[in-house]
Amino acid sequence: MKITAAIFDMDGTLVDSLMLWDVLWSAFGERYLNDKTFLPEREDDKRVRTLTLADAMELIHNNYSIGENGKELLELANNIMIDFYSNSVELKEGVREFLEYLGKNGVKMCIASATAPELLDIALKHCDIEKYFLNVFSCGAIGKGKDKPDVFLMAQEFLGTETCETWVFEDSLTAIETAVKIGMPTVGIYDRYNFGQEKIKEISNEYIAEGETLLKLIG
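Remember, it's a predicted structure, so these values are computed and weren't measured experimentally. (Residues numbered from 1 in each chain as written. Predicted model: local features only at pLDDT ≥ 70, side-chain atom pairs only at ≥ 80, totals over all residues. Heavy atoms only, no water.)

A.B. asks: What's the story with helix H8 (residues 150-159) in this structure? I'm lost.
C.D. replies: Along an α-helix, a turn takes 3.6 residues, which lines up residues three or four apart on a common side. Taken residue by residue, H8 has Val151, Phe152, Ala155, Gln156 and Leu159 as its buried positions. Buried residues of H8, seen end-on, are gathered within an arc of 130° and therefore sit on one face of the element. Residues of H8 that are buried make contact with strand E1 (5-8), strand E4 (108-113), strand E5 (136-138), helix H7 (139-142), strand E6 (166-170) and helix H9 (173-181). A positive backbone phi angle near 70° is found at Gly160, which sits one or two residues after H8. (Buried < 20%, exposed > 50% of the residue type's maximum accessible area, 1.4 Å probe, protein only. Helix = DSSP H or I, 4+ residues; strand = E, 2+ residues; numbered from the N terminus. Arc of directions from axis to C-beta. Contact = heavy atoms within 4.5 Å.)

A.B. asks: Help me out: how do you make sense of the nonpolar core in this one?
C.D. replies: Soluble globular proteins tend to bury their nonpolar side chains together. Formed by 54 residues in total, the largest nonpolar core has its most connected members in Phe8, Leu14, Phe133, Phe169 and Leu214. If sequence neighbours within four positions are ignored, Phe169 has contacts with Met1, Ile3, Ala6, Ile7, Phe8, Asp9, Thr13, Phe98, Val187, Ile189, Leu214 and Leu217. By size, the runner-up hydrophobic cluster in this structure holds 15 residues, among which are Ile7, Phe137, Cys139 and Leu159. (Core = buried A, V, L, I, M, F, W, Y, C linked by side-chain atoms within 4.5 Å.)

A.B. asks: Even after reading the chapter, I still don't get the packing of helix H3 (residues 53-64) against helix H4 (residues 70-87), so can you show me in this structure?
C.D. replies: A pair of packed helices is characterised by two quantities: the angle between their axes and the separation of those axes. At a minimum axis distance of 8 Å, the contact between H3 and H4 shows a crossing angle of 125°. As the angle between them shows, H3 and H4 are arranged oblique. When you trace H3 past H4, the crossing you get is right-handed. Each of Leu53, Ala54, Met57, Glu58, Ile60 and His61 in H3 lies in contact with H4, whose residues at this interface are Gly70, Lys71, Leu73, Leu74, Ala77, Asn78 and Met81. Classifying every residue of the contact of H3 with H4 gives eight nonpolar, three polar and two charged. (Axes fitted to C-alpha atoms, helices over the stretch in contact; angles between N-to-C directions. Parallel < 35°, antiparallel > 145°, perpendicular 65-115°, else oblique. Left-handed = near helix turned anticlockwise from the far one by under 90°. Nonpolar A, V, L, I, M, F, W, Y, C, P; charged D, E, K, R; others polar.)

A.B. asks: Looking at this structure, how should I read a negative patch on the surface?
C.D. replies: Side chains of Glu118, Asp121, Asp128 and Glu130 sit close together on the surface and give a patch of like negative charge. Given the relative accessible area of 44%, Glu118 is considered partly exposed. (Patch = residues over 30% accessible without salt bridge, like charges linked within 9 Å, V, L, I, M, F, W, Y side chains within 5 Å. Areas by Shrake-Rupley, 256 points an atom, 1.4 Å probe, with all protein chains shown as cover. Salt bridge = Lys/Arg side-chain N within 4 Å of Asp/Glu carboxyl O. Lys, Arg positive; Asp, Glu negative; His and termini not counted. Charge placed at Lys NZ, Arg CZ, Asp CG, Glu CD.)

What follows is the structure in structure tokens.
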């Protein structure tokens, strides 16, 4: 793979954190429905993972009549997430070594994530990987999710690299589909909490399967 720059997703790609959605659903169910087993419908569960958190909470409020409004859910979700990213989140296996390898080989790197900017900062500091990234781009700050290309295009513009040499590292099918549409090469990454693995494997230029790590890409 010819790589000049890398745009990394955070959750499910660099850090093992997608179980947090199940924590949120359980908290919402316990507080509002007296039911810790609450889960949204499959399509809604898929969709919220690529929306901004504010939009995701509006969707859950509107579709399930939970909470007074989306802002109330957003406040609860933020509190849960701050605690998780401050104290519990961990890097996926092989990530630190892979970032070190790219850095030593002059590859420019940044983050493009649907996670809120303040949570990204907390996670990067907790995992001690902020030094590898030149900038952090959040869908929350832009106001558009990864079903739109804006966050990837902003990251590429900042990096100043050719599209064909700017690789997107993602675990989300929606995000990978968006990157493919704008001509960016992709690395699809398996995560046990995510959807559409077969399709991700099919359309990605490279695929990190269950049991593999990013170190596969460098031998």
